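Residues per chain, in single letters:
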Amino acid sequence: MKQYPNLFNGYRLGTLPLPNRAVLAPMTRTSAEPNGVANDRMARYYSRFAKGGFGLIITEGLYPDEEFSRSYHHQPGIASIAQADSWIPVIQAVHRAGGKIIAQLMHAGALVQHHAFTPIAPSAVQPVGTMLEDHGGSGEFAVPKAMTLAEIRRTIEGFKQAVLRAKYAGFDAVEIHAANGYLLDQFITDYTNRRTDDYGGATSRRIRFAVEVVRAIRSTVGPDYLVGVRISQGKVNDLATNGLMEKKMQKSSLGNWPQLPPVTFIRPSIRHGCPPSRMGGRPLRSSPNDTAAFP
């Protein structure tokens, strides 16, 4: 491991001590119960990584509210106390194995892989690509409904309550998913956000929703609880654009992130690496900055 001499050295992420710098990245699994409750299978899955030496684990995306946020069938949630309670044995199993665990909070926005409700998004723009059959989807994405200001406020409140439930369940931190084409990224991205109000137009306005989500969370949990943000250059439904927006993202969106309230970490995606396992999982291009996790 000469290339990564500090990989097995301890590290402090904010106030959270870690035994090493090996981190399990989030991977969509859709193995929860139909009602979004975590189960024993998930406890075994996540604790195996901690037993194998990963110091920090980031969960798959958990939907934060029961109204419009769920993307997949069998996606785990943290939208209710019952769902939060179901995560307690998972968290305890990871902790017993010596690891720490972060809850990733993800709102689908327009990227809904089912027909249980009409999705909401910043604008009524149909997502490119097709739904993911491996996760229960079929055919084209539905055209979402443009969010009203009241729905924006309710969604922010949903994130706040989800973080409180995550903290109650014992998660060591939360990561806000503002990447990969999901709701917060839809606000940030110009071709999915055609709003003409304070949440659309210039990058400083398109990023406002993400900033307000993080600000609401930080004001709710206080300065000491770990809060991170995930951002990316590409979309899960639009791999053709991965990397093409790199310079634009670096010069616009990333330049506006100083608007954020204090966060513990910002975790950017890189455009090189492995596509989802449903696409064969073969690397698109190798890079010394790529990270990988193996079950």
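Scroll up to find the structure this text is about.
Residues numbered from 1 in each chain as written. Predicted model: local features only at pLDDT ≥ 70, side-chain atom pairs only at ≥ 80, totals over all residues. Heavy atoms only, no water.

Some words on the overall build of the protein
Step number 1: Scanning the protein from N- to C-terminus turns up 8 helices and 10 strands.
Step number 2: Long-range pairs, those at least 24 residues apart, make up 69% of the contacts in the protein with a sequence separation of at least 6. (Helix = DSSP H or I, 4+ residues; strand = E, 2+ residues; numbered from the N terminus. Contact = heavy atoms within 4.5 Å.)

Quick look at helix α3 (residues 149-169)
Step number 1: The end-to-end C-alpha separation of α3 is 30 Å, in line with the 30 Å expected for 21 residues at 1.5 Å each.
Step number 2: Of the positions making up α3, those classed as buried are Glu151, Ile152, Thr155, Ile156, Gly158, Phe159, Ala162, Val163, Arg165, Ala166 and Ala169. (Expected span 1.5 Å × (residues − 1). Buried < 20%, exposed > 50% of the residue type's maximum accessible area, 1.4 Å probe, protein only.)

Points about the packing of aromatic side chains
Step number 1: Summed over the entire model, instances satisfying the criterion amount to 8 aromatic pairs.
Step number 2: Both rings, one in Phe187 and one in Phe209, keep their centres 4.4 Å apart while their planes meet at 25 degrees; by these two values the pair is stacked. Highlighted residues: Phe187 in helix α4 (residues 183-188) and Phe209 in helix α6 (residues 208-221), separated in sequence by 22 residues.
Step number 3: Among the residues examined, Phe187 registers a relative accessible area of 0% and is labelled buried.
Step number 4: Linked through ring pairs, Tyr45, Tyr46, Phe49, Phe54, Trp87 and Phe171 together constitute an aromatic cluster.
Step number 5: Here Arg29 stacks its cationic end above the ring of Tyr45, 3.5 Å away from the centre of that ring.
Step number 6: In this structure, Arg208 is placed above the aromatic ring of Tyr199, and the distance from its NZ or CZ to the ring centre is 4.6 Å. (Phe/Tyr/Trp six-rings, centres within 6.5 Å; stacked < 30°, edge-to-face > 60°. Lys NZ or Arg CZ within 6 Å of the ring centre and 35° of its normal.)

Description of the nonpolar core
Step number 1: Of all hydrophobic cores here, the largest spans 54 residues; its most connected members are Trp87, Leu105, Phe171, Leu184 and Phe209.
Step number 2: Of all hydrophobic cores here, the second largest spans 9 residues; its members include Leu16, Leu56, Ile102 and Leu226. (Core = buried A, V, L, I, M, F, W, Y, C linked by side-chain atoms within 4.5 Å.)

Purely spatial values, then, with no claim about function.
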